[in-house]
Amino acid sequence: MTDWIHELIDTASYSGVAVLMLLENIIVPIPAETVMLLAGFVASRGDLSFIGVVAAGTAGSVVGNLPLYLWGRHIGRRRVRSWFNRHSAWLLLEPEQLDRGFDWIAKRRGALAIAMARPLPGVCTLISLPAGAAGMSAGRFLAGSFVGAAIWNTLLATFGFQLGENYRHAERYLGYTLIASASLLVGGIVWHLLHRWRRLHRKPSPISALS
């Protein structure tokens, strides 16, 4: 995958960086880490400017976050909650927790949540749906997306720029970190589902049955 990403950035310049980051945010399996590390490496050669690759990557990230946000705004909170209730057997939140999440995003620090989700693969895209369904304003959503993407993309491009042709080492270590994070996430999901299954299938005690 790295080779064709590298070739696209070399060929399409800033447009290639923006398109790759846009696709990465529409749940396409293109790792943002690889894209921005490569873009930073290309900038270190002098073929592109560092500020240019960060700006292009950030623009692509922000635009890529919009489809799920707009879909959430279109279908609304009620339909998202209805879908959640139909699939609650395998999801990780109780309906009350989902409602609290909607309220938190809509009324409190939604933009901060969007920004903090940027380094988390998958989460950075999926959080756009409840943000839209909760009625979060477009301005706050775009601000959170921009800040989070700008910070994360700057860090990645800096690694690629400083490491030069050794960027592959950073890519590998980042990959190990993401694998470890994913493993912890999957372990947490399994534990949650088992705990929930046991609670649903726990037999009531004789005392509780008489009450």
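Keep in mind it's a predicted model, so treat the numbers as computed, not measured. (Residues numbered from 1 in each chain as written. Predicted model: local features only at pLDDT ≥ 70, side-chain atom pairs only at ≥ 80, totals over all residues. Heavy atoms only, no water.)

Here we take up the overall build of the protein chain. Counting secondary structure elements, the protein chain contains 10 helices and zero strands. Counting across all 211 residues of the protein chain, residues that qualify as buried make up 38%. Within the protein chain, contacts between residues separated by at least 24 positions form 77% of all contacts whose residues are at least 6 apart in sequence. For the protein chain, the accessible area works out to roughly 12200 Å², and carbon and sulfur atoms hold 67% of it. (Helix = DSSP H or I, 4+ residues; strand = E, 2+ residues; numbered from the N terminus. Buried < 20%, exposed > 50% of the residue type's maximum accessible area, 1.4 Å probe, protein only. Contact = heavy atoms within 4.5 Å. Areas by Shrake-Rupley, 256 points an atom, 1.4 Å probe, with all protein chains shown as cover.)

By the secondary structure assignment, Ile 75 is in helix 3 (residues 50-86). Sequence separation of Ile 75 and Ala 133 is 58 residues, and the distance between their C-alpha atoms is 7.0 Å. Every residue in contact with Ile 75, bar those within four places of it in the chain, is listed here: Val 80 and Leu 129.

With that settled, the discussion passes to the nonpolar core. In this structure, Ile 5, Ile 9, Val 17, Leu 20, Val 35, Met 36 and Val 53 are the most contacted members of the largest nonpolar core, which totals 20 residues. Every element with two or more residues in this core is listed here: helix 1 (2-24), helix 2 (32-44), helix 3 and helix 8 (138-163). In terms of residue count, the dominant contributor to this core is helix 2 (seven residues). Ignoring sequence-local partners within four residues, the contact set of Val 35 consists of Ile 5, Ile 9, Val 17, Leu 20, Met 21 and Ile 30. Grouped together as the second largest cluster of nonpolar side chains are 15 residues, Ile 105, Leu 129, Ala 133 and Ala 134 included. (Core = buried A, V, L, I, M, F, W, Y, C linked by side-chain atoms within 4.5 Å.)

Here we take up the packing of aromatic side chains. Scanning the model with the defined rule gives two aromatic pairs in all. Centre to centre, the rings of Phe 50 and Phe 161 are 5.8 Å apart; their planes meet at 80°, and the pair counts as edge-to-face. Here Phe 50 is found in helix 3, whereas its partner Phe 161 is found in helix 8, with 111 residues between them in sequence. Taking 4.2 Å as the distance between ring centres and 10° as the angle between the ring planes, the aromatic pair formed by Tyr 69 and Phe 141 counts as stacked. One end of the pair, Tyr 69, is in helix 3; the other, Phe 141, is in helix 8, with 72 residues separating them in the sequence. (Phe/Tyr/Trp six-rings, centres within 6.5 Å; stacked < 30°, edge-to-face > 60°.)

For the structure shown, the criterion picks out three salt bridges. For the salt bridge of Arg 45 with Asp 10, the shortest nitrogen-to-oxygen distance reads 2.8 Å. Within this pair, whereas Arg 45 is found in the loop between helix 2 and helix 3, its partner Asp 10 is found in helix 1, the two being separated by 35 residues in sequence. With relative accessibility at 40%, the residue Asp 10 sits in the partly exposed group. (Salt bridge = Lys/Arg side-chain N within 4 Å of Asp/Glu carboxyl O.)

Here we come to the confidence of the model for the protein chain. Averaged over all residues, the pLDDT of the protein chain equals 77, while 66% of them reach at least 70. At the level of individual helices and strands, the protein chain shows its lowest average pLDDT in helix 10 (residues 206-210), which scores 47, and its highest in helix 8, which scores 91. The low-confidence segment residues 205-211 (pLDDT under 50) makes zero contacts with residues lying over four places distant or belonging to another chain. (pLDDT = per-residue confidence, 0-100.)

For the rest of this paragraph, the subject is the UniProt feature "transmembrane region" (unreviewed entry) in the protein chain. In the numbering used here, UniProt assigns the "transmembrane region" (unreviewed entry) feature to residues 12-30, 50-71, 141-161 and 173-194. With 100% helix and 0% strand, residues 50-71 has end C-alpha atoms that lie 33 Å from one another. The annotated region residues 141-161 carries 100% helix and 0% strand content, and the separation between its end C-alpha atoms amounts to 29 Å. (UniProt positions renumbered as here; feature names shortened; annotations may be inferred.)

Time to look at a nonpolar patch on the surface. Where nonpolar side chains cluster on the molecular surface, the patch consists of Phe 146, Val 147, Ile 151, Leu 155, Phe 159 and Leu 163 and spans about 550 Å² of accessible area. Overall, Phe 146 belongs to the partly exposed group, its relative accessible area being 48%. (Patch = residues over 30% accessible without salt bridge, like charges linked within 9 Å, V, L, I, M, F, W, Y side chains within 5 Å.)

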